[in-house]
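Residues per chain are reported as follows:
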Amino acid sequence: MIEGVKQQKWWGWGEDGLAYRYEDKPKFPAFVQKMVGIDVTRPVKPIPPFSSLDVPASQLSDDLHAKFDEILGAKYVQTDDETRVVHAYGKGVRDLIRIRKGDLGRVPDVVLYPGTQDEVEKLLDAAVAADAVVIPFGGGSNIVASLEAEPGESRQVISVNMGRLSKVLEIDETSGLAHIQAGVFGPDMEDQLNARGWTMGHHPDSFVWSTLGGWIATRSSGMQSDKYGDISDICRGLTMVMPGQVLSLRPLPSSSSGPSVREMVLGSEGRLGIITSAWVNVHRIPEVRELQAYFFPTYEDGLKACEQIVASDAAVMMARVSDPIETQYIMANGKKSGRVSSLANKAIQRIMLQKGWDLENIAMSFIGFEGSANHVRYEKGLVGKIVKENGGLGVGKGPGTLYDQKKYDTPYIRDFMLDRGLICDVSETTTPWAHAAEIHSVIIERFQQAMDDLGVRGVVFCHLSHSYHSGACQYFTFAIADDSDHQEETYDVAKRVIQQGFMDFHGTVSHHHGVGEEHSPWLEQDISPAGVFIQRKLFEGVDPGSNLNPGKII
Ligand code: FAD
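Computed from a prediction, not measured in an experiment: that's the story for all the values here.

### Focus on the overall build of the protein
A count of helices and strands for the protein gives 19 helices and 18 strands. Overall, the protein is about 75 × 55 × 45 Å in size when its C-alpha atoms are taken along their principal axes. In the protein, which comprises 554 residues, the share counted as buried stands at 57%. Here the contacts in the protein between residues at least 6 apart in sequence split such that 78% fall between residues at least 24 apart. Of the roughly 22,900 Å² that the protein leaves accessible, carbon and sulfur atoms contribute 52%. Within the protein, the 73 negative side-chain charges are centred at a point lying 7 Å from the centre of the 54 positive side-chain charges.

Encoded structure:
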């Protein structure tokens, strides 16, 4: 490991020693038992030690090794097994399944840690001159297989870890723009910005373990996108190192210089070059920040309310509503409540029953407000009215505050579940509002049918996570009880049925996880064969030798 560059554990999410715990959540075991028939309290097999893996030897040639040592210094040229394995995959559940059973794929031959743009230029030219494959690496958090080398790749494979390029270089306080190096992780970047009174406002669930360059390269979106925009809105300019040249796009609020090159780089997943820095929109830290919780009698009522909130003058920072099963999941993740909150919960339940709601069918919603105290008061007034008109009920900021504190712990749950033979992952899409309710019910129905056909127990639930003028993103989480040797095949069935459902019912292949290899089978249906033709010509033109992260996207 390189000092100052964070590295995730080789077999799962995040930091060694941190894990999801059910012991302080009294309702969680019963929820899982009811949904998929698994007893999460039963003892689990420990993760095998790293030494039990059969890691293929590095194929880095002595010549290229010497060249990289000269460019970077030997310390920043790593060929040890654990570093190479950590850089072999992202963190999709397929990756976790494979790595746990010792299926390591085509492990990179070397991991490089450049500290300057000049070093990135030199290493890329040296790698391409040796006809090697170059894969930029941010936090390694993607879930779409956008980092792994192609199976059987016979050329040398170079992973370029951007973690030493982690500085906020400049803040243009007049324009609200910051120039930031691409390898910075979310928390480190926000610490540097916050110290000067600014924030970028981009908070994906993977914030702790993902980087600015990775967000740009996958067209990421954070949970506050309703106010701050997706990364494609936030990133206004950038520098990208390409073989033999450097792309430099100045930060501009808008421009009509032909097909947008900035947009071509957004979502390029390392296929056009290595992004070394970007100019991004930044905002003054708001005076007030509040997450209010609401309940609706049904998910459809919650969807309608979100659509109206987005169309209103409220301009909220976040509008999220969970379907009934996800609502039960959120409740099951609650800690044992004290006497006062337990009484309050019972009082809320009584009100819902008096209103004639079916408690198994209710939908929980979090709406986020930011700005001056006056502005937040105004926004809450507007939202409260819309919630009421849609039959909803406000329950205050207690649950929202808890959600806000715990939001980055959630990713650890996938490892916990996999330890217990439960395959969990996610798929998200956007549709126009006109199709939002329909796609939700179709995906649930098709997924359940597929699980019945397979003869396994599975559950899928969903929340609306990001809203736009014309539609919204819905984010589906699924869990399947399968402890067999065929977990990958089972995952494939679930993934296929969900992705095809997106295509059949007006959705896109992915709202914010990108394409990688995982979603590329659906790309033609998403953007039409002509769209794929344009992308192919772009990649072939920029990278005729297919050295830059080949096989991703198309
Ligand atoms: P990596 O995974 O390291 O790389 C992703 C791709 O980008 C690769 O193709 C890589 O080659 C390329 N790349 C990385 N850095 C550069 C660079 N400097 N120049 C050129 N190419 C580069 N995503 C969201 O958008 N929102 C979420 O809320 C969200 N939640 C998640 C929750 C969990 C539990 C997990 C596992 C993932 C989640 N993701 C989410 C997906 C993932 O975090 C994003 O795709 C993220 O943008 C990847 O960033 P990274 O730095 O980890 O990139």
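### A few points about the nonpolar core
One finds Leu193, Met200 and Leu212 to be the most contacted residues of the largest nonpolar core, which totals 99 residues. Ranked by residues supplied to this core, first place goes to helix α17 (residues 436-454) with 7 residues. In terms of nonpolar packing, the next biggest core, distinct from the first, is built from 27 residues, Leu72, Ala126, Met162 and Leu165 among them.

### Structural notes on the packing of aromatic side chains
What the rule picks out here adds up to 14 aromatic pairs. Centroid distance phenylalanine 476 to phenylalanine 502: 5.9 Å. Interplanar angle 40°. Geometry classified as tilted. Taken together, the residues span a long stretch of sequence, with phenylalanine 476 in strand β18 (residues 471-481) and phenylalanine 502 in helix α18 (residues 487-504) at a distance of 26 residues. No difference in accessibility class separates phenylalanine 476 from phenylalanine 502, as the two residues are buried. Put simply, the rings of Tyr20, Tyr22, Phe28 and Phe416 touch in pairs and so form one group of aromatic residues. Sitting over the face of the ring of tyrosine 20, lysine 25 holds its NZ or CZ atom 4.5 Å from the ring centroid. Between the NZ or CZ atom of arginine 420 and the centre of the ring of phenylalanine 416, over which it lies, the distance is 3.7 Å.

### Some details on the site of the ligand
Taken together, 36 residues lie around the ligand, and Pro136, Ser141, Ser146, Ser206 and Thr211 are the ones closest in. Between serine 220 and the ligand, the recorded distance is 2.8 Å, taken from a side-chain N or O atom to an oxygen atom. For the ligand, whose free accessible area comes to 970 Å², the fraction covered by protein is 97%. Going through the elements one at a time, β3 (133-137), α7 (212-218) and β10 (274-281) are the ones with two or more residues in the shell around the ligand. If you tally residues by element for the shell around the ligand, the top one is α7, at 5 residues. Of the residues in the shell around the ligand, the class split is 14 nonpolar, 19 polar and 3 charged. No fewer than three residues from each of domain 1 (55-161) and domain 2 (168-284) sit in the shell around the ligand.

### Observations regarding the packing of helix α2 (residues 62-72) against helix α5 (residues 117-129)
Put simply, α2 and α5 touch, their axes get as near as 10 Å, and they point 170° apart. Classed by the angle they form, the pair α2 and α5 counts as roughly antiparallel. Residues Leu64, Lys67, Phe68, Ile71 and Leu72 of α2 touch α5, and the partners they reach there are Glu119, Lys122, Leu123, Ala126 and Ala127.

The rules behind each value
- Residues numbered from 1 in each chain as written.
- Predicted model: local features only at pLDDT ≥ 70, side-chain atom pairs only at ≥ 80, totals over all residues.
- Heavy atoms only, no water.
- Helix = DSSP H or I, 4+ residues; strand = E, 2+ residues; numbered from the N terminus.
- Buried < 20%, exposed > 50% of the residue type's maximum accessible area, 1.4 Å probe, protein only.
- Contact = heavy atoms within 4.5 Å.
- Areas by Shrake-Rupley, 256 points an atom, 1.4 Å probe, with all protein chains shown as cover.
- Lys, Arg positive; Asp, Glu negative; His and termini not counted.
- Charge placed at Lys NZ, Arg CZ, Asp CG, Glu CD.
- Core = buried A, V, L, I, M, F, W, Y, C linked by side-chain atoms within 4.5 Å.
- Phe/Tyr/Trp six-rings, centres within 6.5 Å; stacked < 30°, edge-to-face > 60°.
- Lys NZ or Arg CZ within 6 Å of the ring centre and 35° of its normal.
- Near = heavy atom within 4 Å.
- Polar contact = N/O pair within 3.5 Å; in protein donor to acceptor, adjacent residues only side chain to side chain.
- Nonpolar A, V, L, I, M, F, W, Y, C, P; charged D, E, K, R; others polar.
- Domains from an automatic or database assignment.
- Axes fitted to C-alpha atoms, helices over the stretch in contact; angles between N-to-C directions.
- Parallel < 35°, antiparallel > 145°, perpendicular 65-115°, else oblique.

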